[in-house]
Amino acid sequence: MITAPVTVPEREHYLNASYGLKSWLLTKDHKRIALLYLATITFFFFLGGLFAVMIRLELLTPQGDMVQSETYNKLFTMHGVNMVFFFLLPAIPATLGNFLVPLMIGARDLAFPKLNLASWYIFTIGGLFTLYALLSGGVDTGWTFYTPYSTTYSNSFVIATALGIFIAGFSSILTGLNFIVTIHRMRAPGLTWFRLPLFIWSHYAASLIMVLGTPVIAVTIVLLAAERAFHIGIFDPAIGGDPVLFQHLFWFYSHPAVYIMILPAMAVISELVAASARKRVYGYEFVAYASVAIAVFGFLVWGHHMFVSGQSVYAGLVFSVLSYLVAVPSAVKVFNWTATLHKGSIALETPMLYTFGFIGLFTIGGMTGLFVAALGLDVHVHDTYFVVAHFHYIMVGGTIMAYLGGLHFWWPKITGRMYPEILAKLSALVVFIGFNLTFFPQFILGYLGMPRRYHAYPDEFQVLNVMSTAGASILAVGYLLPMCYFIWSLRYGKIAPDNPWGAVGLEWQTLSPPPVENFDEIPIVTHEAYDYVSLPNGSVTPKKEANVR
Amino acid sequence: MSEQSLSEHSISTTSYYLVFLALMVGTALTTWIAYLDLGWLNTPVALGIACTKAMLVVLYFMHVKHGTKLTKIVAVSGIFWLLLLLGFTMADILTRGWLGFPGK
């Protein structure tokens, strides 16, 4: 699929329009801000990964022989906090979303460029607070900060960590707000809602969650800090509070937060499937509505995290039924992607390998989600490694596979360079094997009864734990490889053509890398998304349309 | 994507002062009733005053009263989502003990 390198004369684009640290730190260009996010979240990803390595090394042997239990508590807490709040939540929206939303809708930038830059600064400041907590001694509550432990008993840096998350939350709200306004107000002429790429629909749905849900976690964190510092009696039953109320408030945001992670991942997969199969996504409208349905239903299921918390059985039943409902729009997407591939002209480039990985792993993660949504079964597997495996299949097998697939797919557009295809395919394979070897044994461990959050375990669990640790080391190699060859490609990669995949999205109709203002002329859209029948070569420019070059 | 600028329906300065006055009266009222024992009405009355004040701020200071339909939908969505949070949380809290043994 990759055409011969095109000799591109030196021309101005967003990467060479200005130089120096100041030009980056004060930029209002959504593309540069996306790269600032990329660098920041990559740092947090590897920091969170470092904690994961230490966790897996500790679990190599049944005895707690590498770290004390208190240290182990801090390791899994810092792993969760780093990965959830400072990597997974912003991973796709703040990087690929930031870069691509204006390009895909034919706009010159997001609606509020200064707010966009501010959101990166806010995110970074939030991250620094968390780093401060880490360097000062860490936090040991688990990423969920459950009361009463977090409010009354923990002697670690709960408030500093929570404050970091509180601050970073505002970044998420601002990004969501920016996307919503941009998608409503700045679409190119002719780009109606049902001509929008599904990437945009999913980001719109995820943005709704960011704006509607994130303020609730902010309030919850403030209440947590107030309870810990001043004992105001919100969550402490000794002074009239209810510890389960914390879980309601926490999960009202934190369950939909999973959809902030997975909806943008689905956004990427829809684009990759269509471009690789060279077909319109089957049931486009259903997939678009499914994104919104996931965002709405996602707010109604939080109580499935609380089946054994003391929540009433009646509420448990309601949340269980609603949790099954949210599987329907998710399944719509999986079936429709698969149907799109049917009789498609499938190109097995690296992005498609990650897409296959996503579909398989997300399906396993989703199906095991139905297990834990069942009231009776959840009692058996609650707080075991079954749950750990389930949510890693969604968050890592889902979101990170899509993130990596998306990075490979749009890398030529972002940097103007191609990555080494063979090495990239190898890396996709290594990630897939490493991931499954790490997390599949954890399903079995959990079903056999190994609880999470302990640094020691009975001898009979060792074989599966050794498999998991071995898988983690393979997975680490799989993650390091792309970082190495992406950096290598910046200097030595082949010059990328403007549209190496022959895709039809507006982002492919401009230059690689794009000019500062994205398009010389705002494109006029006359085709629906993924119209590979009318536009077999991916170009929307030749006949009736304004030339966007 | 119809355009409707806020300036087309600018709110008069008098209205702002009146709303500000109403907010101050609401604050004084909240303080006053805090010293009264209204029995089971303590919380509903305090919340009622707070909600009225919040509504005034949203409608006038945040210009929702004269905003576009989309702006109104956004404001109502926020309230709806708050009701979801409160409703489903109460679905747990109000039904604890239905099975007649502790914690269920």
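All chains use their own residue numbering, which begins from 1 and follows the written sequence. Following the order in which they are written, the chains are lettered starting with A and the ligands numbered starting with 1. For this predicted model, a pLDDT threshold of at least 70 governs which residues receive local features, and a threshold of 80 or more governs which side-chain atom pairs are given and counted, while totals over whole chains, interfaces and linings are taken from all residues. As a convention, hydrogens and water are excluded, and side-chain values are obtained from all of the structure's heavy atoms.

A.B. asks: So what exactly am I meant to see when it comes to the overall build of chain A here?
C.D. replies: Tallying secondary structure elements over chain A gives 15 helices and zero strands in all. For chain A, the C-alpha radius of gyration of 23 Å lies close to 24 Å, the compact-globule estimate for 549 residues. Each of the three principal axes of chain A carries a C-alpha extent, and together these read 70 × 45 × 45 Å. Type-normalised accessible area, obtained with a 1.4 Å probe on protein chains alone, sets the label of each residue: buried when under 20%, exposed when over 50%, and partly exposed for intermediate values. Counting every position in chain A, which comprises 549 residues, the buried fraction comes to 61%. Contacts spanning at least 24 positions in sequence make up 83% of the contacts within chain A whose residues lie at least 6 apart. Seen as two clouds, the 28 positive and the 27 negative side-chain charges of chain A have centres 11 Å apart. Counting from the N terminus, the helices are DSSP H or I runs at least four residues long and the strands are E runs at least two residues long. Only C-alpha atoms enter the radius of gyration, while the globule expectation follows 2.2 Å times N to the 0.38, with N the number of residues. By definition, residues are in contact when any of their heavy atoms lie within 4.5 Å. In this count, Lys and Arg are taken as positive residues and Asp and Glu as negative ones, while His and the chain termini are left out. Charge placement uses NZ in Lys and CZ in Arg. For Asp and Glu, CG and CD serve respectively.

A.B. asks: Before we go on, may I ask you to explain the packing of aromatic side chains in this structure?
C.D. replies: The geometry of an aromatic ring pair is captured by the separation of the ring centres together with the interplanar angle, meaning the angle of the planes. Residues and elements named next belong to chain A. In this scheme Phe, Tyr and Trp rings, the latter by its six-membered ring, pair at centre separations within 6.5 Å, and the angle between planes marks the pair as stacked below 30 degrees, edge-to-face above 60, and tilted otherwise. Per the counting criterion, the structure on display carries 52 aromatic pairs over all chains. Centroid distance Phe43 to Phe44: 5.3 Å. Interplanar angle 70°. Geometry classified as edge-to-face. A relative accessible area of 43% means that Phe43 is categorised as partly exposed. Among the aromatic side chains, those forming a connected cluster through ring pairs are Phe85, Trp143, Tyr146, Phe235, Phe246, Phe250 and Trp251. In our convention, an over-ring charge means Lys NZ or Arg CZ found within 6 Å of a ring centre and within 35 degrees of that ring's normal. In this structure, Arg32 is placed above the aromatic ring of Trp24, and the distance from its NZ or CZ to the ring centre is 4.2 Å.

A.B. asks: Any chance you could explain the domain arrangement of chain B here in plain terms?
C.D. replies: Interfaces are often sized by the amount of accessible area the parts lose when they come together. Domain start and stop positions are those given by an automatic or database domain assignment. The domains assigned to chain B are domain 1 (11-65) and domain 2 (67-104). Taking only C-alpha atoms, the centre of domain 1 of chain B and the centre of domain 2 of chain B are 23 Å apart.

A.B. asks: Honestly, a nonpolar patch on the surface in this entry has me stumped. Any pointers?
C.D. replies: All names here are of chain A. Together, Leu50, Val53, Met54, Leu57, Leu60, Met66 and Val466 make up an exposed nonpolar region whose accessible area comes to about 530 Å². For the nonpolar patch, the element with the most residues is helix H2 (residues 30-58), which contributes four residues. Note on Met54: relative accessible area 30%, which makes it partly exposed. To count toward a patch, a residue needs a relative accessible area above 30% and no salt bridge. Like charges then connect within 9 Å, nonpolar side chains (Val, Leu, Ile, Met, Phe, Trp, Tyr) within 5 Å. What sets the accessible areas is the Shrake-Rupley method with a 1.4 Å probe; for residues, cover comes only from the shown protein chains. Here, a salt bridge means any Lys or Arg side-chain nitrogen found within 4 Å of an Asp or Glu carboxyl oxygen.

A.B. asks: Got a minute to help me understand the nonpolar core in this structure?
C.D. replies: Note on soluble globular proteins: their nonpolar side chains tend to be buried together. Residue and element names in this part refer to chain A. One finds Phe85, Phe87, Leu96, Phe199, Leu263, Phe358 and Trp410 to be the most contacted residues of the largest nonpolar core, which totals 173 residues. By residue number, the principal contributor to this core is helix H8 (residues 243-277), which donates 24 residues. Here Leu96 is in contact with Ala91, Val101, Phe199, Val268, Tyr403, Gly406, Leu407, Trp410 and Ile414, once residues within four sequence places are set aside. Here the nonpolar core consists of buried residues drawn from Ala, Val, Leu, Ile, Met, Phe, Trp, Tyr and Cys, with membership extended through side-chain atoms lying within 4.5 Å.

A.B. asks: Help me understand the pattern of salt bridges in this model?
C.D. replies: Where charged atoms of side chains with opposite charge meet at close range, the side chains can pair. This model, assessed by the stated rule, comprises six salt bridges over all chains. Note that Lys31 of chain A and Asp29 of chain A form a salt bridge whose closest N and O atoms lie 3.0 Å from each other. Grouping residues by exposure puts Lys31 of chain A and Asp29 of chain A together as buried. Ionic pairing is found between Arg96 of chain B and Asp92 of chain B, a salt bridge with its closest N-O pair at 2.8 Å. On the accessibility criterion, Arg96 of chain B (28% relative accessible area) is partly exposed. Taking relative accessible area as the criterion, Asp92 of chain B reaches 0% and is therefore assigned buried. One salt-bridge network, held together by shared partners, links Asp242 of chain A together with Asp92 and Arg96 of chain B.

A.B. asks: What is the right way to look at the environment of Phe440 of chain A in this model?
C.D. replies: Residues and elements named next belong to chain A. Within the element layout of this structure, Phe440 appears in helix H14 (residues 421-448). You can call Phe440 partly exposed: its relative accessible area is 42%. Through-space distance from the C-alpha of Phe440 to that of Tyr393 is 8.8 Å; in sequence the pair is 47 residues apart. The residues touching Phe440, leaving out its near neighbours within four places in the chain, are Tyr393 and Phe435.

A.B. asks: Explanation requested: the interface of chain B and chain A in the structure shown.
C.D. replies: Taken together, the 20 residues of chain B in the interface contact 24 residues of chain A. Counting across the chain B and chain A interface gives one salt bridge. Asp242 of chain A is paired through a salt bridge with Arg96 of chain B; the nearest N and O atoms lie 3.0 Å apart. Under this definition, polar contacts are N or O atom pairs within 3.5 Å; protein pairs additionally need one hydrogen-donor-capable and one acceptor-capable atom, and for neighbouring residues in sequence, both atoms have to be side-chain atoms. There are four residue pairs in polar contact (both at pLDDT 80 or more) connecting chain B and chain A.

A.B. asks: Just checking my understanding: could you explain the packing of H8 of chain A against helix H11 (residues 350-373) of chain A for this structure?
C.D. replies: When two helices pack together, their arrangement is given by the angle between their axes and by how far apart the axes lie. Residue and element names in this part refer to chain A. Following both chains from N to C, one finds H8 and H11 inclined at 130°, their axes separated by 10 Å at the closest point. Accordingly, the angle class assigned to the pair H8 and H11 is oblique. Where H8 crosses over H11, the handedness of that crossing is left-handed. In contact with Ile262, Ala265, Met266, Ile269, Leu272, Val273 and Ser276 of H8, H11 contributes Pro351, Met352, Thr355, Phe358 and Phe362. Class assignment of the residues belonging to the contact of H8 with H11 gives a composition of ten nonpolar, two polar and no charged. Between N-to-C directions, angles cover 0 to 180 degrees, with each direction set by a line fitted to C-alpha atoms, over the stretch in contact for helices. To sort the angles, those under 35 degrees are grouped as roughly parallel, those over 145 as roughly antiparallel, those from 65 to 115 as roughly perpendicular, and the leftovers as oblique. Left-handed describes a crossing whose near helix is turned anticlockwise from the far helix by less than a right angle; the clockwise case is right-handed. Throughout this entry, Asp, Glu, Lys and Arg are counted as charged residues, while Ala, Val, Leu, Ile, Met, Phe, Trp, Tyr, Cys and Pro are counted as nonpolar. The remaining residues, Gly among them, count as polar.

A.B. asks: Would you mind showing me how to read the environment of His455 of chain A here?
C.D. replies: Residue and element names in this part refer to chain A. Along the chain, the position of His455 falls in the loop between H14 and helix H15 (462-492). Overall, His455 belongs to the buried group, its relative accessible area being 17%. Beyond its immediate stretch of four places on either side in the chain, His455 contacts Glu58, Leu59, Pro62, Gln63, Gly64, Val67, Gln68, Ser69 and Tyr72. One polar contact links the side chain of His455 to the main-chain amide nitrogen of Ser69, over a distance of 3.5 Å.

A.B. asks: Looking at this structure, I do not really get the confidence of the model for chain A. What am I missing?
C.D. replies: Reading fine detail from the predicted coordinates is not recommended where pLDDT is low. On average, residues of chain A score 93 in pLDDT, and 96% of them are at 70 or above. Residue range residues 542-549 of chain A is modelled with pLDDT below 50. Its contacts to residues more than four positions away, or to other chains, number 20 contacts. Confidence of the predictor in every single residue is expressed as pLDDT, which spans 0 to 100.

A.B. asks: Looking at this structure, I do not really get unusual backbone geometry. What am I missing?
C.D. replies: The general pattern is negative phi for most residues beyond glycine and trans for most peptide bonds. Residues and elements named next belong to chain A. Between Thr147 and Pro148 the backbone carries a cis peptide bond, its omega angle lying at 5°. Locating Pro148 in the fold gives a position in the loop between helix H4 (113-136) and helix H5 (149-153). Cis geometry marks the peptide bond from Ser512 to Pro513, where omega comes out at -10°. Within the fold, Pro513 resides in the segment after H15. Of note, His231 is a non-glycine position whose phi angle comes to about 50°, a positive value. Relative to the assigned elements, His231 resides in the loop between helix H7 (198-230) and H8. Its identity is not glycine, yet Arg278 carries a phi of approximately 55°, on the positive side. Mapped onto the secondary structure, Arg278 falls in the loop between H8 and helix H9 (284-297).

A.B. asks: Sorry if this is basic, but what is going on with the packing of H2 of chain A against helix H3 (residues 69-104) of chain A here?
C.D. replies: Residue and element names in this part refer to chain A. At their nearest, the axes of H2 and H3 sit 8 Å apart, and the two run at 155° to each other. Between H2 and H3, the interaxial angle falls into the category roughly antiparallel. The hand of the H2/H3 crossing is left-handed. For the contact of H2 with H3, a count of residues per class yields 25 nonpolar, seven polar and two charged.

A.B. asks: How do you make sense of the confidence of the model for chain B when you look at a structure like this?
C.D. replies: Overall, the predicted model of chain B reaches an average pLDDT of 87, with 88% of residues at or above 70. Mean pLDDT values for the elements of chain B range from 93 in helix H3 (residues 69-93) of chain B up to 95 in helix H1 (residues 13-34) of chain B.

A.B. asks: What is the right way to look at helix H6 (residues 158-185) of chain A in this model?
C.D. replies: The α-helix advances 3.6 residues per turn, and as a result positions three or four apart in sequence lie on the same side. Each helix should span, by expectation, one fewer than its residue count multiplied by 1.5 Å. Between its terminal C-alpha atoms H6 of chain A stretches 41 Å, which fits the 40 Å expected from 28 residues at 1.5 Å a residue. Of all 28 residues in H6 of chain A, 21 are buried; the element is thus mostly enclosed.

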